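Here's the letter readout for the chains.
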Amino acid sequence: MSDSSDSPTRGAERPLKSAYEKALERLAAQGIAPPDTASISDSGREAVAEARRKADAKRAELEILHRRELDATHDTAERERLEKEYVEERRRIDERLEREIERLRRDEAG
């Protein structure tokens, strides 16, 4: 005899939802539009991948320089200032990347 908990559905007509589906529902409840599911071309994907590679390289270079600067000083106030600058620059790199990806997707769509 099978227990109803073995069934992949809840109730008679509602199947279980994936985490993605639940997240989309939460976004809709907050009035946020779902992500664009339009596919981009291979060249568009390559452009996005290239933008990500460049951002990764910039972050790696920034980290190397940051570590070098930290190694050069033992002053706590100076280290805190350097850390704040590092965090801010990483944020700028990430924001530029997101803007570039959005621009590439917009250009691809229209």
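Before reading further, recall that the structure is shown in the block above.
Note that the structure is predicted; figures quoted are calculated from it, not measured.

Reading the values: rules and limits
Residues numbered from 1 in each chain as written. Predicted model: local features only at pLDDT ≥ 70, side-chain atom pairs only at ≥ 80, totals over all residues. Heavy atoms only, no water. Salt bridge = Lys/Arg side-chain N within 4 Å of Asp/Glu carboxyl O. Helix = DSSP H or I, 4+ residues; strand = E, 2+ residues; numbered from the N terminus. Buried < 20%, exposed > 50% of the residue type's maximum accessible area, 1.4 Å probe, protein only.

Asker: Which parts of the structure should I look at to understand the pattern of salt bridges?
Answerer: Pairing of side chains with opposite charge becomes possible as their charged atoms draw close. Applying the stated criterion across every chain yields a total of 16 salt bridges. The partner of Glu89 in a salt bridge is Arg92, with the nearest N and O atoms 2.6 Å apart. A residue pair is termed a helical-turn pair when its members lie 3 or 4 positions apart in one helix, as Glu89 and Arg92 do in helix H3 (residues 76-109) at three residues. Its relative accessible area of 22% is what places Glu89 among the partly exposed residues. Judged by its relative accessible area of 36%, Arg92 is partly exposed. Glu100 serves as the salt-bridge partner of Arg103, at 2.6 Å between the closest nitrogen and oxygen. Here Arg103 and its partner Glu100 are both found in helix H3, three residues apart, which amounts to about one turn of the helix. Arg103 gets classed as partly exposed once you look at its relative accessible area, which sits at 33%. Three or more residues joined by partner-sharing salt bridges are found here, namely Glu88, Glu89, Arg91, Arg92, Glu95 and Arg96.

In short, geometric facts, not functional conclusions.
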